[in-house]
Structures are given as structure tokens and as C-alpha cells.
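The primary structure of each chain is shown beneath.
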Amino acid sequence: MNGLAPTWSSSAKDIVLTAVGPSRIWATLGHGIVNEVYFPSTGQPQIRDLGFIVARPGAWHEVKRVNDYSLSLAEPYMPLPTVLHRGDGYTLRLEVLCDPKRETLLVRYELRGEGFTLYPLLATHLGPSSGDNTAWVQDGALYAAGAPEFLCLCADTPFTKTGVGYVGVSDGWQDFARNGAMTWTRERAEHGNVALMAEAGSATGVLALGFGESAEGARTRARSSLAEGWAAVRDAYHAGWRDWGAKISLPPSDPAVDRVAHVSAAVLKVHRDKSYPGATVASLSIPWGNSRDDLGGYHLVWPRDAVEAGFGLLAAGLVADAAEMLAYLVATQRPDGRWPQNMFPDGTPYWTGIQLDEVGFPVILAAKLDELGRLGDSREVAAMVRSAASYLARFGPVSPQDRWEENAGSSPFTLAVEVAALVAAARWLEGDDAAFALSLADYWNERIEDWTYAERTDLCSAAGVPGYYVRIAPPPADGGLRGRVDVRNRDSDPVLATELVSLDFLYLSRLGLRAALDPRMVSSLTVAERCLRVDTPCGVSYHRYNGDGYGEHEGGGPYDGTGVGRAWPLLTGERGHYALQAGEDPTPYLEAMARMTGPGGLIPEQVWDAEAVPEKGLFPGKPTGSAMPLVWAHAEFLKLLHARDTGRPIELLDVVRRRYASKRPSAATWHWRADAPFDSLPAGRSLSIEGAEPFEITVHGDAGSPSTRRSRPTGLGMHAVRLEAQELARHAEVTFEASDMEPASISGAVALAAPRETVAAGT
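Conventions and cut-offs
Residues numbered from 1 in each chain as written. Predicted model: local features only at pLDDT ≥ 70, side-chain atom pairs only at ≥ 80, totals over all residues. Heavy atoms only, no water. Helix = DSSP H or I, 4+ residues; strand = E, 2+ residues; numbered from the N terminus. Rg over C-alpha atoms; globule rule 2.2 N^0.38 Å. Buried < 20%, exposed > 50% of the residue type's maximum accessible area, 1.4 Å probe, protein only. Contact = heavy atoms within 4.5 Å. Areas by Shrake-Rupley, 256 points an atom, 1.4 Å probe, with all protein chains shown as cover. Lys, Arg positive; Asp, Glu negative; His and termini not counted. Charge placed at Lys NZ, Arg CZ, Asp CG, Glu CD. Phe/Tyr/Trp six-rings, centres within 6.5 Å; stacked < 30°, edge-to-face > 60°. Expected span 1.5 Å × (residues − 1). Core = buried A, V, L, I, M, F, W, Y, C linked by side-chain atoms within 4.5 Å. Salt bridge = Lys/Arg side-chain N within 4 Å of Asp/Glu carboxyl O. Pairing = 2+ DSSP bridges. Axes fitted to C-alpha atoms, helices over the stretch in contact; angles between N-to-C directions. Parallel < 35°, antiparallel > 145°, perpendicular 65-115°, else oblique. Left-handed = near helix turned anticlockwise from the far one by under 90°. Nonpolar A, V, L, I, M, F, W, Y, C, P; charged D, E, K, R; others polar.

Colleague: How would you sum up the overall build of the chain? Please name residues and give values.
Modeller: In terms of regular secondary structure, the chain is built from 19 helices and 34 strands. Relative to a compact globule of 763 residues, whose C-alpha radius of gyration would be 27 Å, the chain shows 29 Å and is just as compact. Principal axes of the C-alpha set define a box for the chain whose edges measure 100 × 50 × 50 Å. Out of the 763 residues belonging to the chain, those deemed buried represent 62%. The contacts in the chain between residues at least 6 apart in sequence include a share of 69% that link residues at least 24 apart. For the chain, the accessible area works out to roughly 26,400 Å², and carbon and sulfur atoms hold 49% of it. With 71 positive and 94 negative side-chain charges, the chain shows a spacing of 3 Å between the two charge centroids.

Here it is as C-alpha cells:
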């Protein structure tokens, strides 16, 4: 390959933008310049950056490195930025927008300063193999190709010089570094990591960066935008966003919170794809992108993040947009009922893990839209819900991955989503399917503490509490709370499940399964505050879990597979939701999130939580090199603002609230499975021994002869041998074992225990 190995640009974005219109182009600004530009979907970035060198004889400055600029927006909800760079003897004013009609990015520039000339510097990253781009000069314009995409950079005033080269070897920056001026005017650079440079023909003008499936197509789009004129294109861009902004409905708040709320609504809008309406990527960024060349980055659709964004849209009054997202999720569901861990906007899977919260969340979104009367009688939605419920029933409650995408086991967050989804799904189910979904939900809900609540540990002693919910416990068959967890992203041995805590348990009250002031919730919060809380100059925030390794290293070096996990603003929002449910004012958490933003009001994935490292741009309470913006965080902000106004989380479904009244239920039936077995059963309960395929077992009781039982379909694709409570009352213990040719895993022993003190489930 010619040139240095390619990377992306910093994920610390100032703003993200696109047009309200058919144009399939998105752009981000960071450090005051254009960096990644996406075409033809939100999943495909095509350049590293479009920066500027300002020079006069004897002096030159790259404005990105000078890093002295301010940014302003026409309106908080309108991504129409103006950037003013200041330097020694000059100012450079930039306005950036996407043409609503064409795949063209327009940059209007105005350079002031005696004797200074402007030099646009474009680093491409076209196609899936950015180390195999080709750049050339033709008819006064700059071109690049990286199959199957092309770009063309031209201006309304002809360039006076042009040149192309290889990054780090013969590009325009190297020319200035060695010669103090633009002296290289090479006309072609093939099969490498390429960069393009031009000398602007005037101090004021417009650049057009067009994209297409051919060089001619890219040029036609760029030249057409210039021909229509900056003013006309800007007016159309402005009108589109103005009309959309009129649809936003947000509760009144103080100016700082209101600004971030409107920015958040725009962020959710910008991240929505146009070729595949409803597809919403997690972030138009690549975390620590200036140190890596990751094909996926965060410009992928995570079903969980997408649904979180859907609820954020509902919180902003944008119900139609949320319904569009649900339609996309219906279309991308796999035949077996699940969704990919993440996927490109067209639905092509990228990572292949399975997270059961991502199976349950689309059902909860459908149920919310149904409660709002905005769903109608969609057969496709009904089929989606049935398929997702069947997948949860067949493969739950243990998830192959938790919401942090790292471990298998029982997570309070995932369990809460599974239970709420099964209860919500009953609205679309009939007969045995509906009954089984509700029975399973009641049972899983009752067992949450058995699977995830630790007692009499060192953390209990240190915090002075009787117990707490753990971050995740290995599957019950693998030791459960007594098992060990492999902590990712750091070099260490596995730790006991009881040593790891997180805020994941907060969703138990968020979704209506436990009261916020339930003693177990309160004691868990005490431990979490002790282990995870970070007080920054911007306000309080929290780590994902103690011992997290996903973040910059101690000295601020980029995450490279290991690191130190930093504080997450979205967790500040989750803590704020809990505060609301506990009867407190959540405003301090909203205000903290608003202060943790970047220059354009974007909320990052993580904020720095150590001593400042100015040379790396790291300051306490402010964005790190992780993803910015994070769509999930902006959605959390909008949801918290909405919850403060309405008095309840937007995800809390009426059907779940009525069934459980935020109390732990007493399930009529316990469901035994090979991956979630139990060895004792409270008196008065029925026992359902279950498998995904038909099976036969021999059942032994201590008060009768053995009997052979053949399983029967029990709903949602499962099969079971059911022992009713009346039959079990004659025994102190029952054992069962697989018959010949049946799965040996379906065998166990269950002792009949005394009833536990629980509250009966609703109907």
C-alpha cells in the first residue's frame, strides 16, 4: 500500500448534520473542520476529513491544530453550523450544509488576513478498502475513487493550484511541512491512502464535495449544487429543518437544558437513514477513530440503541418517526425471532452476538405505540411480536450477552426487559401462547433476586447493607451468583460475580417490576454509589461497572483493546430516572448531562474522570475520545426531561404496571430448564419441566411409583411435562431423568420447600 495505514478521524464531534430531504449524505464536524462524510447511507463514511491550511509567505497554519475556534447554530434543533477560526493575523469563517436535493456537501468560506491564502486539504477513505483509493486532477477539479464510490471536489471560483499524493509521504500537509508552501502539483496517485489539496482562487467562495457511483456523477452533483447557488441551497436546507422543528414538542425548561433537548431531537433525526427509513445508527463516529481503521465503528444499527432512540423520539413528540423505526425493526427481524447484535442500515448483520434485551425492546416499543393509539391493526407488527416472544420463551432467561455486549448470564437489566416484553406480548397472543408468556414472565420476575441479588459479601460489609444486585451472574447451571465473570477489556483473571456491580438494576423500577424504594433497590444503590459514582466539575456520573476496561488508558492514550472505563453521561440519566421514581427532583441530573456536552451540545459516550491531560484534550467532566454523539445518551436526556414533566418513565407500560404494581410476584408455576435449573420448589406451586423439542422423562416421587411422562406443546414453541401443585403436594421430593434417546440434560431433583413470602401476580 502507498502511504501510511489509514485511520478515521477523532470521534469528538462538534456537530452532526444532514438535510431534511432525499439527499443521502451526512457529515460531521470536529475540531472546527469537516471530518467523516457518509454516503450513500449512515453506515458508510467516505472521507477522513476536509481541513484547511491558511498560509502566506513565511507562515502557515493548519486550523485544526491551531484549535482556536467557536461554533454557532442558527437554531439548537437546526444543524446549520457556522465556525469561526482565529489565528495569528487571520480569521476563517466556515458555513457547512448538505444539499437537500443532491449528494453534495457545501462549505462556504471567508478568509480574512493580509496576504493569506486558503488551501483545502481532503483525506479520502472511500469504499471498504481505503488503502486502495486513487486520486487525480481533471479539468481543474479534484477526484478520488474507491470502488464503488467516487467523489469530486470543486469550487465556484476555479482553484489556482491542485495536487494529489499519499498520506504521510507526498500529501499537501507534508509539502507545507517541508517547503512552507504548496509546491507539489502531482496529478495522479493510485492504489493507496490518498489526499488531495487545492489552492483556493479567492478569499471568499464555496466548495462543493460531491459523491456518486461514477466520477461523472460526483462531478455533476457538485457542479449542480454550485450552479443553483449557495443562497438558494441554504434557504432550502433552512426551510426543511424549520418545518421539521415545528413538530418538536418538549416540556418547558431552563435555557441550558432546553438547548440540549432541541440538539438531542436533531441528533436523533440526523442519525436516521434515508434509503432505509427508520434505521438509526448508534453514532456517526468511530470511537478513538484517529487511532484505528474500523469498518463498523458505531455507524451501525443496534436494535437496543434504536429502540432507546425511538422512545426519545416519543418523548420529543415525534410519534410518526418512532412508528417508522418500528417498521424498520419489523423488517429486519431474523426468521427465528431475534435481531442481529448490530447491522448496517440495510439489515446486513455485522457482529453476530445475541442479546436478549435486543429481542425484547422492539416488543416494548410496539406496546408503547399501541398504548398511544398509534399502531393500528398491523399484521406485520403482530407477527413480529409473536416471533420475538417465542424466541424469548425458547432461549431465555439467560442471555448470551448482556447490554454491555461482554458476558453471558443473568443481568437485572436484561431480565427486566424480557419480563416486560413477555407481558406486553400477551396483547398479540392467544390461548396457550398468551398463558405461557404470562406464566413465564411471572416466574422469571419472581426469580430475579435468586439469580442476581447477592448477600453477606465483602461489599455488603463495606457498604453496611444486607445485599445488592450484581452486574451479571453466570448462568445458574454454571454457578450463578457463586460463579466467576471474565471482565473484558482488561488484563485480569475472572472475578466472582458478587464483586461486580452496575446500575443495571435501575431498570427493575424503570419498567415497573420493583418499587424504587424497595429495600433491595435502596441497598443496591448504596453499593453502586460507593463503587461507581464519579463527581466531576460538570456534575455526577457513573461507571458502567467497577473494573471496567473500556476507555482511555491512565495517561489518556486511546483505548486499544484494554484501558480504563470512564464515566457515562447516559448513566447520569438513568440515575435521574431513579431519583424521579424515588420522589426526588431529577433536574440536577439533567443539568449535569447538559454540562457534559461538547462545543455543539453533543452528549458523548464517556467523559473524562481523572486529572486533566490538556495535550490530549481531556478535561474532567468533558468528552473523551469515545463516541460523540451517542444517540442513546441523547435519547436518555429527552426521556428524562419527559419523565420529569409526566412523573413517570416513558418506557413504563400500563399493562406491566397493572400486573405487578412494582412488587415481586409469586408465580403459580415454576419453569425448570437445563440452563436455569433449581433444586427446590415452594409449596403450592406447579412444576413445568421444559425443553425446546419434544422429550420423554421418567418421574420419581417419594410417595408413589415412577411414571413415564411425554412432553406436550406448552405455547410459544416450547414443550413441557407439567406436574400440578396438587400432585406435588403428596411428595417431599421429585426426581426426573431422560428416557432412552432423549436429551440427558433434562434430568434433576426438586425438593418441595416451604412457601416464600411474596405478593401474588396480577391477572
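Colleague: Before we move on, could you go through the packing of aromatic side chains and cite the residues and values that matter?
Modeller: Enumeration over the complete set of coordinates arrives at 26 aromatic pairs. Ring plane angle 55 degrees and centroid distance 6.0 Å describe the contact between Phe 361 and Phe 413, whose orientation is recorded as tilted. With Phe 361 in helix H8 (residues 356–371) and Phe 413 in helix H10 (residues 412–425), this pair connects stretches of sequence that are 52 residues apart. With relative accessibility at 1%, the residue Phe 361 sits in the buried group. Relative accessible area serves as the criterion here: at 0%, Phe 413 is assigned to the buried category. Where Trp 670 meets Phe 678, the ring centres are 5.3 Å apart and the plane angle is 90 degrees; that geometry is what we call edge-to-face. Residue classification places Trp 670 among the buried residues on the basis of a relative accessible area of 1%. Site record: aromatic cluster; members linked through ring pairs are Tyr 298, Trp 302, Phe 344, Tyr 350 and Trp 351.

Colleague: Now, about helix H6 (residues 303–315): what can you tell me, with residues and values included?
Modeller: Helical periodicity: at 3.6 residues per turn, an α-helix aligns residues three or four positions apart in one direction. With 13 residues, H6 extends 18 Å from end C-alpha to end C-alpha; this agrees with the ideal 18 Å at 1.5 Å per step. The buried fraction of H6 is high, at 13 of 13 residues. Directly after H6, the chain includes Gly 317, whose backbone phi takes a positive value near 80 degrees.

Colleague: I'd like a rundown of the nonpolar core, residues and numbers included.
Modeller: In a soluble, globular protein the nonpolar side chains are often hidden away together inside. The biggest cluster of nonpolar side chains holds 239 residues, and the ones touching the most others in it are Leu 105 and Leu 687. Sorting elements by how many residues they give to this core places H10 first, with 11 residues. Not counting the four nearest positions on each side in its chain, Leu 105 is found in contact with Ile 25, Ala 27, Val 34, Val 37, Val 96, Leu 97, Cys 98, Leu 207, Ala 208 and Leu 209. Of all hydrophobic cores here, the second largest spans seven residues; its members include Ile 53, Tyr 119, Leu 121 and Met 182.

Colleague: Could you give an account of the pattern of salt bridges, with specific residues and numbers?
Modeller: Counted according to the given criterion, the structure contains 52 salt bridges. Across the pair Arg 403 and Asp 504 runs a salt bridge whose closest N-O atoms are separated by 2.9 Å. Of this pair, Arg 403 sits in the loop between helix H9 (379–395) and H10 while Asp 504 sits in the loop between strand S21 (495–496) and helix H13 (507–510); the two residues are 101 residues apart in sequence, bridging distant segments of the chain. You can call Arg 403 buried: its relative accessible area is 2%. Via salt bridges that share partners, Arg 304, Asp 305, Asp 357, Glu 358 and Glu 405 belong to a single interconnected network.

Colleague: Before we move on, can you summarise the sheet that holds strand S17 (residues 204–212) with the specific residues and values?
Modeller: Strand order across the open sheet formed by nine strands is S6-S7-S8-S9-S17-S13-S12-S11-S15, with antiparallel pairing between neighbours. Bordering the open sheet on either side are strand S6 (69–75) and strand S15 (188–192), each of which pairs with just one other strand. Ignoring strand direction, the axes of neighbouring strands in this sheet form an average angle of 15 degrees. Note that strand S9 (residues 104–112) and S17 share seven bridges and pair antiparallel. Bridging across to S17, Leu 105 finds its partner in Leu 209. Where helix H3 (residues 215–228) meets the sheet, its contacts fall on S9, strand S11 (133–138), strand S12 (141–146), strand S13 (149–155) and S17, and the angle it forms with S13 comes to roughly 35 degrees.

Colleague: Break down the packing of H10 against helix H11 (residues 431–452) for me, citing the residues and quoting the values.
Modeller: Between H10 and H11, whose axes approach to 8 Å, the crossing angle comes to 165 degrees. Classed by the angle they form, the pair H10 and H11 counts as roughly antiparallel. Our pair here, H10 against H11, has a crossing hand that is left-handed. From H10, Pro 412, Leu 415, Glu 418, Val 419, Leu 422 and Val 423 reach across to H11, where they touch Ala 437, Leu 438, Leu 440, Ala 441, Trp 444, Asn 445, Ile 448, Trp 451 and Thr 452. The class makeup of the residues in the contact of H10 with H11 is 12 nonpolar, two polar and one charged.

Colleague: Describe the pairing of strand S4 (residues 47–56), with residues and values.
Modeller: Within S4, eight of the 10 residues are buried, which leaves it mostly tucked inside the rest of the structure. One ladder, built from eight bridges, connects S4 with strand S10 (residues 117–124); its direction is antiparallel. Bridge pairing in S10 links Ile 53 to Tyr 119. For S4 and strand S5 (residues 59–62), the ladder comprises four bridges, and the chain directions are antiparallel. The residue of S5 that forms the bridge with Ala 55 is Trp 60.

Colleague: Hey, could you go over the pairing of strand S23 (residues 539–542) for me, with residue numbers and the actual values?
Modeller: When strand S22 (residues 533–536) meets S23, the two strands line up antiparallel, connected through four bridges. By the bridge assignment for S23, Thr 536 is matched with Gly 539. In this antiparallel pair of consecutive strands, S22 and S23, the connection spans two residues.

Colleague: An account of the packing of helix H7 (residues 319–332) against H8 is requested, with residue identities and associated values reported.
Modeller: Orientation of H7 relative to H8, taken along the N-to-C sense of each, is 140 degrees, at an axis distance of 10 Å. Taken together, the axes of H7 and H8 are oblique relative to one another. Classified by chirality, the crossing of H8 by H7 is left-handed. Note on element contacts: H8 touches H7 through Pro 362, Leu 365, Ala 366 and Leu 369, opposite Val 319, Ala 322, Ala 323, Leu 326 and Leu 329.

Colleague: Explain the sheet that holds strand S30 (residues 712–715) to me, and be specific about the residues and the numbers.
Modeller: Two pairing modes exist for strands in a sheet, parallel and antiparallel, and in both the strands are linked by backbone hydrogen bonds. Within the open sheet, the four strands sit side by side as S25-S27-S31-S30. Their pairing is mixed. The strands lining the two open edges of the sheet, one partner per strand, are strand S25 (669–672) and S30. Between one strand and the next, the sheet's axes are offset by a mean angle of 45 degrees, whatever the strand orientation. Where strand S27 (residues 686–691) meets strand S31 (residues 718–723), five bridges bridge the pair, whose relative direction is antiparallel. Across the sheet, residue Leu 687 finds its bridge partner in S31, namely Leu 723. Packed on one face of the sheet, H11 meets S25, S27, S30 and S31 and runs near 85 degrees to S25.

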